[in-house]
Structures are given as C-alpha cells and as structure tokens.
Amino acid sequence: MLEKTMKEFLEDAERLTVGAIVNDDFLMIKTTCGNAVLISENEWRILIDVFKMMINRDEF
C-alpha cells in the first residue's frame, strides 16, 4: 500500500487517484488527525462481498 501525506497527495492527486482506480493501487493518506485509504470501486465491492459472507456464515 502506498503511503502519502496529505500534502504529497494534494500535489499529485489526479495521478494517485487514477492509480487507485486503474491499477488497484491502495493509497493511505496520512494526516495529523488520522488516516484515509483510497481504493477503487471494484476493490470496495470485493470488500463488501467478503463482509457479507462473514456476516452470513454459519457458526462452527
């Protein structure tokens, strides 16, 4: 996962955002008040599907 400060992200936001969308390059944007992660919509959908499977699975 790429890690950038907010300043670094803002200096190259378009390229980094396109990288997250096209190349599935996860990006952590680090700030003084916490972090954010930028992922593609396709990766988001995969995460949602995994969460649904985990919630609906049978207990052992």
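Keep in mind that this is a model prediction, so the values were computed, not measured.

## As for the overall build of the chain
Of regular secondary structure, the chain possesses three helices and three strands. Reading the chain from its N terminus to its C terminus gives the helix and strand order β-α-α-β-β-α. Here the C-alpha atoms of the chain give a radius of gyration of 15 Å, more than 25% beyond the 10 Å that 2.2 N^0.38 yields for 60 residues. Dimensions of the chain, computed from the C-alpha atoms along their principal axes, are close to 50 × 25 × 15 Å. Within the chain, the proportion of its 60 residues that are buried is 15%. If you take every contact in the chain between residues at least 6 apart in sequence, the share linking residues at least 24 apart comes to 36%. For the chain, the exposed area adds up to about 5100 Å²; of that, 58% sits on carbon and sulfur atoms. Of the charged side chains in the chain, 7 are positive and 12 negative; the average position of the first set lies 3 Å away from that of the second.

## So, the pattern of salt bridges
Where side chains of opposite charge bring their charged atoms close, a pairing between them can arise. Considering all chains together, one arrives at three salt bridges under this definition. The shortest N-O distance in the salt bridge between Arg-15 and Asp-12 comes to 2.5 Å. When its relative accessible area of 52% is taken as the criterion, Arg-15 is described as exposed. Two residues, Arg-45 and Glu-41, come together in a salt bridge whose shortest N-O distance is 2.4 Å. Placement of both Arg-45 and Glu-41 in helix H3 (residues 41–56) is noted, with a separation of four residues, approximately one turn of the helix.

The rules behind the values
Residues numbered from 1 in each chain as written. Predicted model: local features only at pLDDT ≥ 70, side-chain atom pairs only at ≥ 80, totals over all residues. Heavy atoms only, no water. Helix = DSSP H or I, 4+ residues; strand = E, 2+ residues; numbered from the N terminus. Rg over C-alpha atoms; globule rule 2.2 N^0.38 Å. Buried < 20%, exposed > 50% of the residue type's maximum accessible area, 1.4 Å probe, protein only. Contact = heavy atoms within 4.5 Å. Areas by Shrake-Rupley, 256 points an atom, 1.4 Å probe, with all protein chains shown as cover. Lys, Arg positive; Asp, Glu negative; His and termini not counted. Charge placed at Lys NZ, Arg CZ, Asp CG, Glu CD. Salt bridge = Lys/Arg side-chain N within 4 Å of Asp/Glu carboxyl O.

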